[in-house]
Structures are given as structure tokens and as C-alpha cells.
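# Fold and geometry: a report
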Amino acid sequence: MGVRASIVVCITSFLLGSLFTHWIADSLTLWKSPVTDEHLWTAALYYSILTKAPIELLYVLFAIVALGGTTIFWSFRDGEAGNLMFDGGSIVLYGTTVMMYLYSVIPNVVAKFSSLPQYQIDEPFPRLLRSPTLDLASNHLICSVALTGILILQAGRWWAELSDGDDEPTYFQEKSEGPSTPAEPISQPHAPIPTL
């Protein structure tokens, strides 16, 4: 169990870190008010650069995602109560992230940002790109929250298993106490019973 949970936590943390790299663009469109054309152009240029990355990077990312999903399902299959609850929730959140990326983020980036129109910094941002740019930032935020939820569930699972084990003596506690010997009854001296 420990190895599987470690793999899930490491992969989830890696994916969360990958999403944090998009902060360059997403912070300008989600958290800065008002959203200016300059912010939108910066975000669009960032996503345009992503579309020109080598395809091998996408294959590596897909392999990592597949390994994470396989590990969560493998752990879920054990059928223990903790696995059903914590890994079941992790599967839902992981699936939400994967589906969001496959059906919303990747098609949006490929369709809208593969080729940007030539622009000057003072030109207004195209209306056709405004909504996809804001949607990408929102989708990245949703995926980040879902992956953070997986980390919280895995930490909760670890804590629950740790607290379940507090009731049982550990191997080291048994060795330090030594072999248990049955308690001998305390004998009291018998006084003769007076007779009349």
C-alpha cells in the first residue's frame, strides 16, 4: 500500500506542478482586474508557444497520467474500506482532471492558439480568442483544485490508517515488554477457623 500511495502522491504532485507552470498566463486572466488586452495577448502568446513544443513531451505526459490512473485503480481494487472511500474519491477527481484536459483544454489550445494573428501591442485583442483564453485559465484552476483534492484524500487515508494502527501494539512494543507471563494468584496465609 505504501508504494502505491507514494506513486499516486508523486504523480499528482508532478501534474500539479505542471499546471502551476501555466500561472504565467493564468494569473493575468484570472486574478488581475481588469483584464486588459495586453494580459490577453501575453496569455495567448504563452499558449501559442505550448503548441510548438515537441510532441514527445505530450507522450511523456500521457504516460505519466496513465501510470497515475493505473496506480489508483490498482489500489482501489484491493477492496478495503479505506481504499474504497479514499481511492474512490481520488478516482473521481483524477478522472475529472483527465476528462477536462482531454475534452476541453487540449482541443482548445490546438484549435485556437496554433497560429496567432500578427499583432501590435496596442491592437485590441480578437473577440474570438477572448473566451477561449479565459476558459483555459478557468479549466486550469479546476484541474489544480481537483489534483489538490487527491493529495488531501491520500493524506487523509494515511492519517486514518495511522490512527487505526494506534490501538494495536506494534512489533517493537511487544519486543520491549518481553514475553508476557501469566499473573500468579496472590495467596493469603490461611488462618485456622476457630471451632466451638
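Our subject in this report is the structure included herewith.

About the cut-offs
Residues numbered from 1 in each chain as written. Predicted model: local features only at pLDDT ≥ 70, side-chain atom pairs only at ≥ 80, totals over all residues. Heavy atoms only, no water. Patch = residues over 30% accessible without salt bridge, like charges linked within 9 Å, V, L, I, M, F, W, Y side chains within 5 Å. Areas by Shrake-Rupley, 256 points an atom, 1.4 Å probe, with all protein chains shown as cover. Salt bridge = Lys/Arg side-chain N within 4 Å of Asp/Glu carboxyl O. Helix = DSSP H or I, 4+ residues; strand = E, 2+ residues; numbered from the N terminus. Buried < 20%, exposed > 50% of the residue type's maximum accessible area, 1.4 Å probe, protein only. Expected span 1.5 Å × (residues − 1). Core = buried A, V, L, I, M, F, W, Y, C linked by side-chain atoms within 4.5 Å. Arc of directions from axis to C-beta. Phe/Tyr/Trp six-rings, centres within 6.5 Å; stacked < 30°, edge-to-face > 60°. Lys NZ or Arg CZ within 6 Å of the ring centre and 35° of its normal. Axes fitted to C-alpha atoms, helices over the stretch in contact; angles between N-to-C directions. Left-handed = near helix turned anticlockwise from the far one by under 90°. Contact = heavy atoms within 4.5 Å. Nonpolar A, V, L, I, M, F, W, Y, C, P; charged D, E, K, R; others polar.

A cluster of nonpolar side chains, contributed by Ile55, Tyr59, Phe62, Met99, Leu102 and Tyr103, occupies part of the molecular surface with about 650 Å² of accessible area. Residue assignment for the nonpolar patch shows that the elements contributing at least two residues are helix H4 (55–76) and helix H5 (81–113). One can find phenylalanine 62 in helix H4. Given the relative accessible area of 36%, phenylalanine 62 is considered partly exposed.

What follows concerns helix H3 (residues 37–51). Over its 15 residues, H3 runs 21 Å from end to end, which matches the ideal 21 Å to within 8%, given 1.5 Å per residue. The set of residues buried in H3 consists of His39, Leu40, Trp41, Ala43, Ala44, Tyr46, Tyr47 and Ser48.

Our next topic: the pattern of salt bridges. This structure, assessed with the given rule, holds one salt bridge. Across the pair arginine 157 and aspartate 87 runs a salt bridge whose closest N-O atoms are separated by 2.9 Å. Of this pair, arginine 157 sits in helix H6 (residues 127–165) while aspartate 87 sits in helix H5; the two residues are 70 residues apart in sequence, bridging distant segments of the chain. Aspartate 87 carries the same exposure label as arginine 157, and that label is buried.

Below, the discussion takes up the nonpolar core. Core analysis: the biggest nonpolar cluster contains 28 residues, and Leu15, Tyr47, Tyr94, Phe113, Phe125, Leu136 and Leu147 have the highest contact counts within it. The set of elements that each furnish at least two residues to this core consists of helix H1 (2–20), H3, H4, H5 and H6.

Each turn of an α-helix holds 3.6 residues, which means side chains three or four residues apart point in the same direction. With 19 residues, H1 should reach 27 Å at 1.5 Å per residue; the first-to-last C-alpha distance of 27 Å fits that figure. Among all positions of H1, only Arg4, Ala5, Val8, Ile11, Thr12, Leu15, Leu16 and Leu19 are buried. For H1, the angular spread of buried residues about the axis comes to 135 degrees, placing them on one side. Across H1 from its buried face, at more than 90 degrees, point the exposed residues Val3, Cys10 and Phe20.

Cis geometry marks the peptide bond from serine 33 to proline 34, where omega comes out at -5 degrees. On the secondary structure map, proline 34 appears in the loop between helix H2 (23–31) and H3.

Turning our attention to the packing of aromatic side chains. Ring pairs (aromatic) are described by centroid distance and by the angle formed between their planes. Under the criterion given, the structure shown has four aromatic pairs. Where tryptophan 41 meets phenylalanine 125, the ring centres are 4.9 Å apart and the plane angle is 75 degrees; that geometry is what we call edge-to-face. Placement of the pair is tryptophan 41 in helix H3 and phenylalanine 125 in the loop between H5 and H6, with a sequence separation of 84 residues. On the accessibility criterion, tryptophan 41 (2% relative accessible area) is buried. Judged by its relative accessible area of 8%, phenylalanine 125 falls in the buried class. Here the aromatic rings of tyrosine 46 and tyrosine 47 are separated by 5.5 Å at their centres, their planes lie at 65 degrees, and the arrangement is edge-to-face. Residue tyrosine 46 shares its accessibility class with tyrosine 47, and that shared class is buried. Among the aromatic side chains, those forming a connected cluster through ring pairs are Tyr46, Tyr47 and Phe113. The residue whose ring lies beneath arginine 4 is tryptophan 74, and the NZ or CZ to ring-centre distance is 5.0 Å.

Moving on to the packing of H1 against H4. Look at H1 against H4: their axes get within 9 Å of each other, and the N-to-C directions meet at 145 degrees. Relative to H4, the crossing made by H1 is left-handed. Facing H1, whose interface residues are Arg4, Ile7, Val8, Ile11, Phe14 and Leu15, H4 presents Leu61, Ile64, Val65, Leu67, Gly68, Thr71, Ile72, Trp74 and Ser75. Per-class residue counts for the contact of H1 with H4 are 11 nonpolar, three polar and one charged.

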